[in-house]
Amino acid sequence: MSFLFGSRSSKTFKPKKNIPEGSHQYELLKHAEATLGSGNLRQAVMLPEGEDLNEWIAVNTVDFFNQINMLYGTITEFCTETSCQVMSAGPRYEYHWADGTNIKKPIKCSAPKYIDYLMTWVQDQLDDETLFPSKIGVPFPKNFMSVAKTILKRLFRVYAHIYHQHFDSVIQLQEEAHLNTSFKHFIFFVQEFGLIDRRELAPLQELIEKLGTKDR
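Keep in mind the model is a prediction, meaning the values are calculated, not measured.

## Focus: the UniProt feature "binding site: Zn(2+)" (unreviewed entry) in the protein
Phase 1 of the analysis: Mapped onto this numbering, the UniProt entry annotates "binding site: Zn(2+)" (unreviewed entry) at Cys79, Cys84, His161 and His166. Despite a sequence span of 88 residues, these residues sit close together in the fold, their greatest C-alpha distance being 9.9 Å.
Phase 2 of the analysis: For cysteine 84, the location among the structural elements is in the loop between helix H3 (53–73) and strand S1 (87–88).
Phase 3 of the analysis: If we skip the residues at most four places from it in the chain, cysteine 84 touches Cys79, Ser110, Ala111, Pro112, His161 and His166.
Phase 4 of the analysis: Locating histidine 161 in the fold gives a position in helix H5 (residues 144–172).
Phase 5 of the analysis: Setting aside chain neighbours within four positions, we find histidine 161 in contact with Cys79, Cys84, Met87, Ser88, Ala89, Ala111, Ile115 and His166.

And the structure:
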């Protein structure tokens, strides 16, 4: 199911994924928000004592989906079939879409189409209770970590596209501090738990190194 819409006033590209209030995952999200407020991102991404790693990764994956959803939502009017005929991150990196189910063979498509496919696919995974259980006591599936890694690897591509193709628009909208903080949080999180292969991060390697140096 596709929810693509381009109204800037809505400020999200897809409907926000909510974590049910009162649930343990909601408490974890609140903990994450509180530690983020301290300003130490390296510390904020660490697994809280006594918590389940899968649950911590699940909560943060939902949060990153919502953040990227909002960031991309602010620039959809600049990311069009005409301006971005391929999904790229600079001249050296181009992404073709396949989800293994509906589209088995990778297809070349425009960036807005690719991101629509990607965000719809992520949303379907997050809504699947067998993959992302929201009820206490329901175990995570054995393949959870590999699904989470694929989601985060694909979400990274949206950051990479925004930085390479739309950073001028981000500056114009005065969203760069928001984008940089969100991306830094994302990178520190995936580094902490080794969730994205270094080769996949190559399109933004320079920026990643700069963010890491600043934090030392």
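Here the narrative resumes.
## Describing the nonpolar core
Phase 1 of the analysis: Grouped together as the largest cluster of nonpolar side chains are 63 residues, with contacts concentrated most on Leu155, Phe156, Tyr159, Phe183, Phe186 and Ile187.
Phase 2 of the analysis: Looking at this core, the elements that each hand over two or more residues are helix H1 (24–37), H3, helix H4 (111–127), H5, helix H6 (176–192) and helix H7 (205–215).
Phase 3 of the analysis: The element best represented in this core is H5, accounting for 13 residues.
Phase 4 of the analysis: Apart from residues lying up to four places away in sequence, phenylalanine 183 is in contact with Phe156, Tyr159, Tyr163, Leu204, Leu207, Ile208 and Leu211.

## Side note on the packing of H3 against H4
Phase 1 of the analysis: At their nearest, the axes of H3 and H4 sit 11 Å apart, and the two run at 150 degrees to each other. By the criterion of interaxial angle, the relationship of H3 to H4 is roughly antiparallel. The crossing of H3 and H4 is left-handed. Contact residues: H3 offers Thr61, Val62, Phe65, Ile68, Asn69 and Tyr72, while H4 offers Pro112, Ile115, Met119, Val122, Gln123 and Leu126.
Phase 2 of the analysis: Residues that form the contact of H3 with H4 fall into these classes: 9 nonpolar, 3 polar and no charged.

## Details of the packing of aromatic side chains
Phase 1 of the analysis: Considering all chains together, one arrives at 14 aromatic pairs under this definition.
Phase 2 of the analysis: Plain terms: the ring middles of tryptophan 97 and tyrosine 117 are 6.2 Å apart, the flat faces sit at 10 degrees to each other, and that makes the pair stacked. Taken together, the residues span a long stretch of sequence, with tryptophan 97 in the loop between strand S2 (94–95) and H4 and tyrosine 117 in helix H4 at a distance of 20 residues.
Phase 3 of the analysis: Residue tryptophan 97 is classed as buried on the basis of its relative accessible area, which comes to 1%.
Phase 4 of the analysis: Judged by its relative accessible area of 28%, tyrosine 117 is partly exposed.
Phase 5 of the analysis: Ring centres of tyrosine 159 and phenylalanine 186 lie 5.0 Å apart, and the angle between their planes is 55 degrees; this geometry places the pair in the tilted category.

What counts and what doesn't
Residues numbered from 1 in each chain as written. Predicted model: local features only at pLDDT ≥ 70, side-chain atom pairs only at ≥ 80, totals over all residues. Heavy atoms only, no water. UniProt positions renumbered as here; feature names shortened; annotations may be inferred. Helix = DSSP H or I, 4+ residues; strand = E, 2+ residues; numbered from the N terminus. Contact = heavy atoms within 4.5 Å. Core = buried A, V, L, I, M, F, W, Y, C linked by side-chain atoms within 4.5 Å. Buried < 20%, exposed > 50% of the residue type's maximum accessible area, 1.4 Å probe, protein only. Axes fitted to C-alpha atoms, helices over the stretch in contact; angles between N-to-C directions. Parallel < 35°, antiparallel > 145°, perpendicular 65-115°, else oblique. Left-handed = near helix turned anticlockwise from the far one by under 90°. Nonpolar A, V, L, I, M, F, W, Y, C, P; charged D, E, K, R; others polar. Phe/Tyr/Trp six-rings, centres within 6.5 Å; stacked < 30°, edge-to-face > 60°.

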